[in-house]
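Spelled out from the first residue to the last, the chains are:
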Number of protein chains: 2
Amino acid sequence: MTVKITPALEDYLESILIIQERGNVPRVKDIARMINVKAPSVIEALSHLQKKGLVVHERYGYIEMTSKGLKKAKKLYGRHLLLKKFFQDVLGLDKKLAEEDACRIEHYLSQETLNRMLSFINFIEDHPEEKPDWLSDFQSLIEGNHKG
Amino acid sequence: MTVKITPALEDYLESILIIQERGNVPRVKDIARMINVKAPSVIEALSHLQKKGLVVHERYGYIEMTSKGLKKAKKLYGRHLLLKKFFQDVLGLDKKLAEEDACRIEHYLSQETLNRMLSFINFIEDHPEEKPDWLSDFQSLIEGNHKG
DNA sequence: TTATATTATTAGGTTTGCCTAACTTTTGGA
DNA sequence: TCCAAAAGTTAGGCAAACCTAATAATATAA
């Protein structure tokens, strides 16, 4: 059984992974800036994540994910990337908006729906001969409609 | 400028519209059942909605939306229906799951993304000659993958 | 090394959104 | 009509998630 956490805590956990993947050591202030909150909120969140066994954080010391935390963070970040890709490649959203909307809904979609989106993306990529006819028709259509 | 309300309050407002559209008079207990909360939460929410000028509710009396409230409720419900349709017609989700996921994310998507989804749906409906090639290919593909 | 700037933490407070328990009002059947 | 059941309301409490102000620890630079 994987641990359940709130959408807000998901954001904190994910941000730690992202900072690490950029090759940096996660600091309270970096997490705060990334999530757009103040430092005390980070401290509080870390203590909750620690209670759930996803993170280890010692006073004035390093912030580390447990293996359980890392696994969960990767799963969350995977969802995020999938949604972003769907928004970009299927709906033709620009990078920034795709990122923003992915952020906002990643906590709420069922696994099944995410699977469908993945299938959709895969389908497009696996059937390049079919793609141009419709997806590019669609995307050039929306270029005109949606201000460009 | 339209009034901003929280996701939770959006649910309450929307539920009032839905109950009315079904031809019923909205009652506290009906709203409570629809949103899966207890009656006191409804009372509290109604007083917030009233403060925002979206609803009128007199003690032990009728629950009515103002014209502003009705307008907002319709907009929210429109989003809900759009998302549900997208999930069903594009991703091929079953009705129940489409409904559930629409519920969960309807508060968080940007207008732009919703517009794209609408365009996508319209595109499908306006180009029936192109549709079979890809959307039905996709949908029969996922029939196999996703348990059917 | 010591003073200062930066970073981290604690304490305490706010808002939102939910709850239960107790109470009030309304409704509907005997 | 009257009283019990149903519906609605109030009071008070709790958790999540944020904040500011004050304090503590650490890092840096003179």
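This write-up is about the structure you can find in this document. (Residues numbered from 1 in each chain as written. Chains lettered and ligands numbered in written order. Predicted model: local features only at pLDDT ≥ 70, side-chain atom pairs only at ≥ 80, totals over all residues. Heavy atoms only, no water.)

**Remarks on the packing of helix H4 (residues 67-90) of chain A against helix H6 (residues 111-126) of chain A**
Residue and element names in this part refer to chain A.
No. 1: H6 packs onto H4 with a crossing angle of 50° between their chain directions and a minimal axis gap of 10 Å. Relative to H6, H4 is oriented oblique. Like other packed secondary-structure pairs, H4 and H6 cross with a definite hand, here left-handed. The segment H4 lies against H6, with Arg79, Leu82, Leu83, Lys85, Phe86, Asp89 and Val90 engaging Gln111, Leu114, Met117, Leu118, Phe120, Ile121, Ile124 and Glu125. (Axes fitted to C-alpha atoms, helices over the stretch in contact; angles between N-to-C directions. Helix = DSSP H or I, 4+ residues; strand = E, 2+ residues; numbered from the N terminus. Parallel < 35°, antiparallel > 145°, perpendicular 65-115°, else oblique. Left-handed = near helix turned anticlockwise from the far one by under 90°. Contact = heavy atoms within 4.5 Å.)

**Some remarks on the protein's contact with DNA strand C**
No. 1: Looking at DNA strand C, there are 18 residues lining it, with A:Ile43, A:Tyr60, B:Thr6, B:Lys38 and B:Ser41 nearest.
No. 2: Within 4 Å of the protein, the atoms of DNA strand C are drawn from sugar and phosphate moieties in a proportion of 74%.
No. 3: Here a phosphate oxygen of DNA strand C sits 2.5 Å away from a polar atom, N or O, in the side chain of B:Thr6.
No. 4: A distance of 2.9 Å is found between a phosphate oxygen of DNA strand C and a side-chain nitrogen or oxygen belonging to B:Tyr12.
No. 5: Breaking the surface near DNA strand C down by element, the ones donating at least two residues are helix H2 (28-35) and helix H3 (39-51) of chain A together with helix H1 (7-21) and helix H3 (39-51) of chain B. (Near = heavy atom within 4 Å. Polar contact = N/O pair within 3.5 Å; in protein donor to acceptor, adjacent residues only side chain to side chain.)

**Considerations on the protein's contact with DNA strand D**
No. 1: Close to DNA strand D lie 18 residues, the nearest being A:Thr6, A:Lys38, A:Ser41, B:Ile43 and B:Tyr60.
No. 2: A share of 74% of the atoms of DNA strand D within 4 Å of the protein falls on sugar and phosphate groups.
No. 3: Side-chain polar atom of A:Tyr12 to a phosphate oxygen of DNA strand D: 3.0 Å apart, as the coordinates give it.
No. 4: Between a phosphate oxygen of DNA strand D and a main-chain N or O atom of B:Tyr60, the distance comes to 2.7 Å.
No. 5: Counting residues per element, the ones that place at least two in the surface near DNA strand D are helix H1 (7-21) and H3 of chain A together with helix H2 (28-35) and H3 of chain B.

**A few points about H3(B)**
Residue and element names in this part refer to chain B.
No. 1: Across its 13 residues, H3 extends 19 Å between first and last C-alpha, which sits within 8% of the 18 Å expected from 1.5 Å per residue.
No. 2: Where H3 is buried, its residues meet H1, H2, strand S1 (55-57) and strand S2 (63-65).
No. 3: Residue Gly53 follows H3 closely and has a positive phi angle near 80°. (Expected span 1.5 Å × (residues − 1).)

**A look at the nonpolar core**
No. 1: Counting residues in each nonpolar core, the largest one holds 35 residues, and the members touching the most others are A:Phe86, A:Phe87, A:Leu91, B:Phe86, B:Phe87 and B:Leu91.
No. 2: Mapped onto this core, the elements with two or more residues apiece are H4, helix H5 (95-105) and H6 of chain A together with helix H4 (67-90), helix H5 (95-105) and helix H6 (111-126) of chain B.
No. 3: Residues contacting B:Phe86, with those up to four places away along its chain left out, are A:Phe86, A:Leu91, B:Leu91, B:Met117, B:Phe120 and B:Ile121. (Core = buried A, V, L, I, M, F, W, Y, C linked by side-chain atoms within 4.5 Å. Buried < 20%, exposed > 50% of the residue type's maximum accessible area, 1.4 Å probe, protein only.)

**Re the pattern of salt bridges**
Residue and element names in this part refer to chain A.
No. 1: All chains considered together, the criterion is met by 15 salt bridges over all chains.
No. 2: Taking the shortest distance from any N to any O, the salt bridge between Lys96 and Glu100 comes out at 3.3 Å. Taken together, the positions of Lys96 and Glu100, both in helix H5 and four residues apart, correspond to about one turn of that helix.
No. 3: On the basis of relative accessibility, which here comes to 59%, the residue Lys96 falls in the exposed class.
No. 4: When salt bridges that share partners are traced, they join Lys29, Asp30 and Arg33 into one network. (Salt bridge = Lys/Arg side-chain N within 4 Å of Asp/Glu carboxyl O.)

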